[in-house]
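# Notes for the structure review
Here is how the chains run, residue by residue.
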Amino acid sequence: MFSTLLPKPKHEPVSGEKDLPAVPVSRSKTSLPLTRIRGNDRAVTKETGPNDSRISKFYLNEDGTLNYSKTIALAGMGSSGSAQTSIEDTIPLKQRYPGLKHYFPRYDLETCPNDSLQKCYEETKAVIDGILQRGDSSGASDNSKEVEYVKYIPATVSNGSGNEDDERGRERYLEIRDLKEDPLLPSKFKLRKNRHRTPSPPAPILKNPTTEKLSKEERKKWDIPAAVSNWKNNQGFTISLDKRTMANNPSSGPADFNIEGFSKLSSSLEEADRKAREEITIRNKMLQDIAIREQQEKDRRLKEIAELTRNERSKSKRRREPASTSHKRTKH
Amino acid sequence: MITYKDTFNLDHDHDVDVSDTLANALYTSSRLNYMFKNVESSTDEPMNANAYNYRTEVSGGIEPNNMIKDDMMSSTVNETALVRNSNTSKAAGVEKDVGYSDKSGKTRYGEQWKLLRVIAGAHQGWVRCCAVDEITNKWYATGSSDSSIKIWDLASSKTKAIITGHIMGVRAVKISKRYPYLFSGSEDKTVRCWDLEKTNSASGCQIRNYHGHVGGIYSLAIHPELDILFSGGRDSVVRAWDIRSRAQAMVLTGHKNDITSIESQVGDPQVITSSMDGTIRLWDLRKAKTALTITQHSKSIRSLVMHPEELTMCSADTNGEIKQWLLPMGELLDQFGTKAEQSNVINTMAINPVENVLCTGYDDGRLEFYDYTNGSILQSERSRPLPGSTETSVNSVAFDVSGSRLISCESDKSIKIWGPETV
């Protein structure tokens, strides 16, 4: 009787509404379970009021507990939606029922045994015709839309200084008209993916998460080398040979030429070149020496010859001279 | 009875008329087969009706498991022998991995698909898409990255028309079954409608365009009964257009990445889309809302095809996984696929309803043929790149109506035509 005057007990013996799992169940308790739908899953529908959440249907398991996944996945979908939420949905029917005969004929409007297709067709046609007609009418009204006037009485004036009272009750007219835009201007909007908001809630994901990590080789496979052009190098950077080969022949993978071998080759080439040059200089020198010697020999021989001839001439002169002198003498 | 070999030879002689009539005969015979198949199965008509009821009542919100079980029961009771047969055959197919042991009585011809003809240099860029005219079965259209559409004679492989007008690569072509129209979607963000009867006129044959997409268009679909065209692509929404008035009737939003393929049918998930975000969405067209999101693929889906005569569809992701779905509710029916060492990216798929063969085209030029009913691999083929290109990828495949030719559009700028060869 006076228990209401006592303070609240610290440890509540009986769980009240507080301990009930989450929001939806308590709500379903307060509201009335209305209909029951045939099939494995029972569903409880609740009349949706204006301020209600979007969950309008609660799906129960066999044992009467709430099927959270299905309830959440189908929130806001209405009666038309369905969702795959259980592990059973990922097992193929042909595995679950090994005797399943593969016979699922499809009908068209003529061959359909009942009128379901016809009904579906007519409903869709009606919906689409309705949309198209509405679209036409709205387009027409868009064209004919003109200036609109709205009467407006401000309740408060924010920037009023002295004459607030005069402004407060004064009636104003607003003119509303569409801003004309140049249709030839480039569009203001860029293509962005997911422009349209995805309808919530997301569908339950029935696949394994990608847990495997990329190995180093796999990551290397995805590595794309920078583009190297054979024609353009505006900045004039030096492009190393491996980069060039990589760019020209990406299928060969990383450059497998032997830089050590290259350096060896170039050094030995240099050595050979130097040696050859030395040899050539030595040979040239020798040739020059030989040529000089030959020249000297020639000169010497020429001198000799000249000496010889001079001697001979002088000899013959001397031999002739006494006769002539005698002759002279005789004459005088 | 016309044997298949005759058509094969005639086709090589470029004898257009005769082979065309033969193709027609083949087509009608296949239709007859289908009808006979139906007659045979009319013994289990109650089961049929059952299946249909299940589908219609599902739209009213009934959990379908019970009904499926009922179907299963009846089928197991009635056709145990048949079922056992198929089971053993599947096991054999798995063990041998060759596939032809399990074809006993399944297809009409025990055949392997062989490359019959190559149209080299068919386009000046990658050939991205193709569509066979299902009314006459005499021609097909291909779209290419060189921004042109070409129309080819199926029998003689000669160009019938070149349609220009797009300013970027053509990614989707679709031929209307009710009008002489060809629809094309392109990376230049336009959907265009071409009147094929005007292809010779000087002023060009474009009669309409559908403006509104903010990204390239990767896929098109036409509603089989209503005059609505669906298009989707880079901007990750599907737009429904009224074909005549060019007005946009609906925008179906929900996908988070590029839309890769769209399928449409009369019955209840009237539109089905697959996307690069790895999901498939079944749409309720009356409310313009998603009815079901299938999240079971682990990588992006590049191809989704619906069986032309069954209430099933197949989707393939870039991991090489193929999943088969039962349609009104989108239950997983089967999953299969092969794993190669390097690349498993499936670009495209096509279903041959005559022999129930599923063909998948891979990004590395592989072509694989699966038995649609039990998912066993029948044949694995590799398309060789033509001289001038080092590698090729199969961008699009399509069967003709008679199911005797496969057209593959490849990125070595060629169109290859494959046909079955009796072993």
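Here the structure is a predicted model, which means the values were calculated and not measured.

## Structural notes on the overall build of chain B
The number of helices and strands found in chain B is five helices and 28 strands. Residue burial in chain B is summarised as follows: out of 423 residues, 61% are buried. Within chain B, contacts between residues at least 6 apart in sequence are counted, and of these 48% link residues at least 24 apart. Only carbon and sulfur atoms are counted for the fraction: they give 51% of the accessible area of chain B, which is about 16500 Å².

## Comments concerning the overall build of chain A
Along the backbone of chain A there are eight helices and four strands. Ordered by position from the N terminus, the helices and strands of chain A form the series α-β-β-α-α-α-β-α-β-α-α-α. Taken over 332 residues, chain A has a buried fraction of 16%. Look at the contacts in chain A between residues 6 or more apart in sequence, and 23% of them connect residues 24 or more apart.

## Here's the deal with the sheet that holds strand β16 (residues 280-284) of chain B
Residues and elements named next belong to chain B. Here we have four strands laid out as an open sheet, ordered β14-β15-β16-β17, and antiparallel in their pairing. Strand pairing shows two members of the sheet lacking a second neighbour, β14 (259-264) and β17 (289-294), which therefore form its edges. Across the sheet, the mean angle separating the axes of adjacent strands is 20° when strand polarity is ignored. Sheet topology places β14 next to strand β15 (residues 271-275); five bridges connect them, and they run antiparallel. Residue Ile-262 lies in a different strand from β15, and its bridge partner there is Thr-273.

## What to know about a nonpolar patch on the surface
A contiguous nonpolar surface patch, about 400 Å² in accessible area, is contributed by Leu241(A), Phe262(A), Leu265(A) and Leu269(A). Per-element tally for the nonpolar patch: the top contributor is helix α8 (residues 259-331) of chain A, with three residues.

## Overview of the environment of Ser261(B)
Residue and element names in this part refer to chain B. Following the sequence through the fold, Ser-261 ends up in strand β14. Given a relative accessible area of 9%, Ser-261 falls into the buried group. The sequence separation of Ser-261 and Ile-301 amounts to 40 residues, and the corresponding C-alpha distance is 8.7 Å. Discounting chain neighbours no more than four positions away, the residues touching Ser-261 are Ser-219, Ile-272, Thr-273, Ser-274, Arg-302, Ser-303 and Leu-304. A polar atom in the side chain of Ser-261 sits 2.7 Å from the side chain of Ser-274. Among the polar contacts made by the side chain of Ser-261, one reaches the main-chain amide nitrogen of Leu-304 at a distance of 3.0 Å.

## What about the side chain of Ser396(B)?
Residues and elements named next belong to chain B. Considering the arrangement of structural elements, one finds Ser-396 in strand β26 (residues 394-399). In this structure the side chain of Ser-396 is engaged in a polar contact, spanning 3.5 Å, whose partner is the backbone nitrogen of Cys-130. In this structure, Ser-396 is in contact with Arg-128, Cys-129, Cys-130, Thr-348, Ile-407, Ser-408 and Cys-409, ignoring residues within four places of it in sequence.

## Description of the sheet that holds strand β12 (residues 238-242) of chain B
Residues and elements named next belong to chain B. Strand order in this open sheet of four strands is β10-β11-β12-β13, and the pairing throughout is antiparallel. Strands at the two margins of the open sheet, each flanked by one partner only, are β10 (217-222) and β13 (248-252). Strand-to-strand twist across the sheet, computed as the mean angle between neighbouring axes with direction ignored, equals 20°.

## Examining the confidence of the model for chain A
Residue and element names in this part refer to chain A. Averaged over every residue, the pLDDT of chain A is 75; the share at 70 or more is 68%. Looking at the elements of chain A, mean pLDDT is at its lowest for helix α1 (residues 22-30), recorded as 39, and at its highest for helix α3 (residues 93-96), recorded as 89. The model gives residues 137-143 a pLDDT under 50, and that stretch makes zero contacts with residues more than four places away or in other chains.

The rules behind the values
- Residues numbered from 1 in each chain as written.
- Chains lettered and ligands numbered in written order.
- Predicted model: local features only at pLDDT ≥ 70, side-chain atom pairs only at ≥ 80, totals over all residues.
- Heavy atoms only, no water.
- Helix = DSSP H or I, 4+ residues; strand = E, 2+ residues; numbered from the N terminus.
- Buried < 20%, exposed > 50% of the residue type's maximum accessible area, 1.4 Å probe, protein only.
- Contact = heavy atoms within 4.5 Å.
- Areas by Shrake-Rupley, 256 points an atom, 1.4 Å probe, with all protein chains shown as cover.
- Pairing = 2+ DSSP bridges.
- Axes fitted to C-alpha atoms, helices over the stretch in contact; angles between N-to-C directions.
- Patch = residues over 30% accessible without salt bridge, like charges linked within 9 Å, V, L, I, M, F, W, Y side chains within 5 Å.
- Salt bridge = Lys/Arg side-chain N within 4 Å of Asp/Glu carboxyl O.
- Polar contact = N/O pair within 3.5 Å; in protein donor to acceptor, adjacent residues only side chain to side chain.
- pLDDT = per-residue confidence, 0-100.

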